[in-house]
Amino acid sequence: MKKIGLLLLVILTLQFSACNQKTTENNQQQDSIGYHFNDTLKILTEAPEISAYKSFLNNLDSTDMNTVTEATNQFKTVFTNKRPGLCDSAFVLYQSYLDTVETKLNEQIMNDTTDYSVLYSGETVPKRILDFQSRLQKNGFKIISEEGMAYIEQNRDFVFGQLSDMVSPAMKNYMQEIAIENKEGFSSDAAITISPQKHVDRIIWYENFIKDNPGFALLDNCKNYKKAYLTYLITGFDNTPLFEYSSDMILTPYYTKAWNYLIKKYPDSEAASLINPYYTAAKQKQENVMKDLKKQYVIKGLIYDFQ
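The rules behind each value
Residues numbered from 1 in each chain as written. Predicted model: local features only at pLDDT ≥ 70, side-chain atom pairs only at ≥ 80, totals over all residues. Heavy atoms only, no water. Helix = DSSP H or I, 4+ residues; strand = E, 2+ residues; numbered from the N terminus. Buried < 20%, exposed > 50% of the residue type's maximum accessible area, 1.4 Å probe, protein only. Contact = heavy atoms within 4.5 Å. Areas by Shrake-Rupley, 256 points an atom, 1.4 Å probe, with all protein chains shown as cover. Axes fitted to C-alpha atoms, helices over the stretch in contact; angles between N-to-C directions. Parallel < 35°, antiparallel > 145°, perpendicular 65-115°, else oblique. Left-handed = near helix turned anticlockwise from the far one by under 90°. Nonpolar A, V, L, I, M, F, W, Y, C, P; charged D, E, K, R; others polar. Core = buried A, V, L, I, M, F, W, Y, C linked by side-chain atoms within 4.5 Å. Phe/Tyr/Trp six-rings, centres within 6.5 Å; stacked < 30°, edge-to-face > 60°. Lys NZ or Arg CZ within 6 Å of the ring centre and 35° of its normal. Lys, Arg positive; Asp, Glu negative; His and termini not counted. Salt bridge = Lys/Arg side-chain N within 4 Å of Asp/Glu carboxyl O. Polar contact = N/O pair within 3.5 Å; in protein donor to acceptor, adjacent residues only side chain to side chain.

1. What about the overall build of the chain?
From N to C terminus, the chain includes 13 helices and eight strands. Out of the 307 residues belonging to the chain, those deemed buried represent 48%. Counting only contacts in the chain whose residues sit at least 6 apart along the sequence, the fraction spanning at least 24 positions is 61%. When the accessible surface of the chain is summed, it comes to about 15,400 Å², and 50% of that surface belongs to carbon and sulfur atoms.

This is how it looks when you write it as structure tokens:
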């Protein structure tokens, strides 16, 4: 499927969600995620604005798409002109709420007999469906039809346009990257649809972002996405397999291009250090070596084990 969230559904059971704010020993990082230390008592307390916003979201009806507008307006009301770190913490809550609404909306249309594919068929679209689509758009969602199935996804451009000026530069950069990936997609009909170069570039983007922003509020999401993209770069993807002929271990053009591009353009990257010995083993048709390397990468938590 095209949707970037569905790409990772197997491994990210809650898309862009529930990245709980973690306690660390660094006072600056605590401040950036909306907590304060009392220097005398050393008691960790949640910023009152965060507590209030969390309570506000908890009282919304997540089965109603219109509540996203309420969540957005409340965010702006409470956090306009607040420090970016506090806004980042609020955005984590906001994004989690959007994820929940998205899930509920998809549950609703799964149980709906309406044929939403008419939106993309060129036929006359019933007013009821057009109204539904309009409400989705006003609340930051869009309806997609693929392989005869309709599903709803977040419009990341909507979120970026609404809140990006309020958050930290790191969060803004992250939001922009997610919006780009969501627009470009990743796969369709179980085949990778982005170029080998773009696949590699995404891995390197996350690799660098994680390195540059160790205290980022949504760091776990970044790690999960990097891990997923790297997994597919190493193991292949359903209809974009690693080998054209597995018995002869002949690499498909996709992976030949991707691996050569990675090694040439990003030779000092972590990803290149993992692909280099793997590629050498592939060229030498050393299947057991490739299996051993992949096993090591799984054990070290660098890639997922889908087998």
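Right, picking up where we left off after that structure.
2. A word on the packing of helix 7 (residues 156-163) against helix 8 (residues 169-184)
Contact pair helix 7 / helix 8: the axes reach a minimum separation of 8 Å and the direction vectors enclose 160°. Taken together, the axes of helix 7 and helix 8 are roughly antiparallel relative to one another. As for how helix 7 packs across helix 8, the hand of that crossing is left-handed. Facing Arg156, Asp157, Val159, Phe160 and Leu163 of helix 7, the residues of helix 8 in contact are Lys172, Met175, Gln176, Ile178, Ala179, Asn182 and Lys183. Its residues assigned to classes, the contact of helix 7 with helix 8 shows six nonpolar, two polar and four charged.

3. Looking at the nonpolar core
One finds Phe75, Phe91, Tyr94 and Trp259 to be the most contacted residues of the largest nonpolar core, which totals 89 residues. Among the elements that make up this core, the one with the highest residue count is helix 5 (residues 84-110) (twelve residues). If we ignore the near neighbours within four places in the chain, the residues touching Phe75 are Tyr53, Thr80, Cys87, Ala90, Phe91, Tyr94, Leu163 and Met166.

4. Some thoughts on the environment of Asn81
Here Asn81 is to be found in the loop between helix 4 (67-79) and helix 5. Placed 85 residues apart in sequence, Asn81 and Met166 show a C-alpha to C-alpha distance of 7.5 Å.

5. Things to note about the environment of Val200
The topology assignment puts Val200 in helix 9 (residues 196-212). Spatially, the C-alpha atom of Val200 lies 7.8 Å from that of Tyr261, the residues being 61 residues apart in sequence. Residues in contact with Val200, not counting those within four places in the same chain, are Leu233, Ala258, Tyr261, Leu262 and Tyr266.

6. Considering the packing of aromatic side chains
Throughout the structure, instances matching the rule amount to 24 aromatic pairs. With a centroid separation of 5.5 Å and an interplanar angle of 85°, the aromatic rings of Tyr53 and Phe79 are classed as edge-to-face. Of this pair, Tyr53 sits in helix 3 (residues 48-58) while Phe79 sits in helix 4, placing them 26 residues apart in sequence. The burial state of Tyr53 is the same as that of Phe79; both residues are buried. Centre to centre, the rings of Tyr174 and Phe209 are 6.5 Å apart; their planes meet at 35°, and the pair counts as tilted. Here Tyr174 is found in helix 8, whereas its partner Phe209 is found in helix 9, with 35 residues between them in sequence. Ring pairing ties together the aromatic residues Tyr174, Phe186, Trp205, Tyr206, Phe209, Phe216, Tyr225, Tyr229, Tyr232 and Phe237, which thus form one cluster. Here Lys227 stacks its cationic end above the ring of Tyr304, 4.4 Å away from the centre of that ring.

7. Here's the deal with the packing of helix 3 against helix 4
Relative orientation and spacing of two packed helices are given, respectively, by the angle between their axes and the distance between those axes. The N-to-C vectors of helix 3 and helix 4 enclose an angle of 165°; their axes lie 11 Å apart at closest approach. As the angle between them shows, helix 3 and helix 4 are arranged roughly antiparallel. With respect to the hand of their crossing, helix 3 and helix 4 are arranged in right-handed fashion. Every residue of helix 4 that contacts helix 3 at Glu49, Ile50, Tyr53, Phe56 and Leu57 is listed here: Glu70, Ala71, Gln74, Phe75, Val78 and Phe79. By residue class, the composition of the contact of helix 3 with helix 4 is eight nonpolar, one polar and two charged.

8. Examining the side chain of Arg156
Structurally, Arg156 is set in helix 7. Asp99 provides the closest opposite charge to the buried, unpaired Arg156, separated from it by 4.4 Å. Within the local environment of Arg156, its side chain forms a polar contact with the side chain of Gln95, the two groups lying 3.1 Å apart.

Everything listed here is a matter of coordinates, which is why it stays silent on function.
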